[in-house]
Amino acid sequence: MAKLERKEQGLVERALDSRERAYAPYSGYRVGAALRAVGGEIFCGCNVENASYGATICAERGAVLAAVAAGCQSFEQLAIATESSPPAPPCGLCLQVLVEFCDDLSILLVNPRGEVVHTRLSRLIPKPFSG
Ligand code: THU
């Protein structure tokens, strides 16, 4: 695994743990997300699928919703765990939801094999919709 700071390592572990709790009986593709707020609190999400496929909630949006519901709207870093190699970035919907709360954000894309990609929200969505 690439060298990670202690805080980053903790965030990655929470994302990998959350992935284990994904509910993905339709796609079989499990995703976990861990979002560290300014102040250090970590909010997690996993994908939760539905028989009505469009009702599926992505892991990243689950983490953002949990944070906002708890009163946190400022974030430091997001870790996302998938099985893909290289580790997969968030979908466009999730990127747009993150942009609502973050001018920019450090993002760690990981998988259970220990691969880590450091990226940023501004790199993944350089021209977001802002109305
Ligand atoms: N998924 C996420 O959880 N996050 C993303 O950014 C993209 C896709 C989920 C949705 C669905 O349950 C599964 O991955 C396959 O698309």
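Further up the page is the structure itself.
Here goes a summary of the coordinates provided.

Our focus in this paragraph is the environment of Tyr29. Within the element layout of this structure, Tyr29 appears in the loop between helix H1 (6-20) and strand E1 (32-37). Spatially, the C-alpha atom of Tyr29 lies 22 Å from that of His118, the residues being 89 residues apart in sequence. At a separation of 2.7 Å, a polar atom in the side chain of Tyr29 contacts the side chain of Ser84.

So, about the packing of helix H2 (residues 59-69) against helix H3 (residues 92-101). Direction vectors running N to C along H2 and H3 enclose 25 degrees, while the axes themselves pass 9 Å from each other. Our classification of the angle between H2 and H3 gives roughly parallel. Classified by chirality, the crossing of H3 by H2 is left-handed. Residues Glu60, Arg61, Val64 and Val68 of H2 form the contact with H3, whose participating residues are Leu93, Cys94, Val97, Leu98 and Phe101.

A few words now on the sheet that holds strand E2 (residues 42-46). The pairing of strands in a sheet comes from backbone hydrogen bonds and takes either a parallel or an antiparallel form. If you trace the five strands from one edge of the open sheet to the other, you get E2-E1-E3-E4-E5, paired in mixed fashion. The open sheet is flanked by E2 and strand E5 (116-120), the only strands paired with a single partner. For this sheet, the mean inter-axis angle between neighbouring strands, taken without regard to orientation, is 20 degrees. In this structure, E1 lies alongside strand E3 (residues 75-81), joined through six bridges in antiparallel fashion. When the sheet's bridge partners are listed, Ala33 is paired in E3 with Ile80. On the sheet, H2 packs against E1, E2 and E3 and is oriented at approximately 140 degrees with respect to E2.

Time to look at H2. Where H2 is concerned, the buried positions are Ala59, Glu60, Arg61, Ala63, Val64 and Ala67. Contacts made by the buried residues of H2 are with E1, E2, E3 and H3. Taken from the residues just after H2, Gly71 is the one with a positive phi, measuring 100 degrees.

On to the pattern of salt bridges, then. For the structure shown, the criterion picks out five salt bridges. Across the pair Glu115 and Arg113 runs a salt bridge whose closest N-O atoms are separated by 3.8 Å. Taking the relative accessible area as the measure of exposure, Glu115 reaches 26% and is therefore partly exposed. A residue is classified by how much of its surface remains accessible, and Arg113, at 64% relative accessible area, is exposed. One network of salt bridges, in which partners are shared, links Lys7, Arg36 and Glu76.

Moving on, we come to unusual backbone geometry. For the bond from Ser85 to Pro86, the omega torsion is 0 degrees, close enough to zero to count as cis. Locating Pro86 in the fold gives a position in the loop between E3 and H3.

Okay, H1 next. Every α-helical turn comprises 3.6 residues, leaving residues that sit three or four positions apart pointing alike. Taking 1.5 Å of rise per residue, 15 residues should cover 21 Å, and H1 covers 22 Å from first to last C-alpha, within 8% of that figure. Residues Glu8, Leu11, Val12, Ala15, Ser18 and Arg19 constitute the buried set of H1. Projected onto a plane normal to the axis of H1, the buried residues spread over an arc of 125 degrees and lie on a single side. H1 presents Arg6 and Glu20 as exposed residues on the side facing more than 90 degrees away from its buried surface. Close packing links the buried residues of H1 with E1, E2, E3, strand E4 (106-110) and E5.

What counts, and where the lines are drawn
- Residues numbered from 1 in each chain as written.
- Predicted model: local features only at pLDDT ≥ 70, side-chain atom pairs only at ≥ 80, totals over all residues.
- Heavy atoms only, no water.
- Helix = DSSP H or I, 4+ residues; strand = E, 2+ residues; numbered from the N terminus.
- Polar contact = N/O pair within 3.5 Å; in protein donor to acceptor, adjacent residues only side chain to side chain.
- Axes fitted to C-alpha atoms, helices over the stretch in contact; angles between N-to-C directions.
- Parallel < 35°, antiparallel > 145°, perpendicular 65-115°, else oblique.
- Left-handed = near helix turned anticlockwise from the far one by under 90°.
- Contact = heavy atoms within 4.5 Å.
- Pairing = 2+ DSSP bridges.
- Buried < 20%, exposed > 50% of the residue type's maximum accessible area, 1.4 Å probe, protein only.
- Salt bridge = Lys/Arg side-chain N within 4 Å of Asp/Glu carboxyl O.
- Expected span 1.5 Å × (residues − 1).
- Arc of directions from axis to C-beta.

The values are spatial; any link to function lies outside them.
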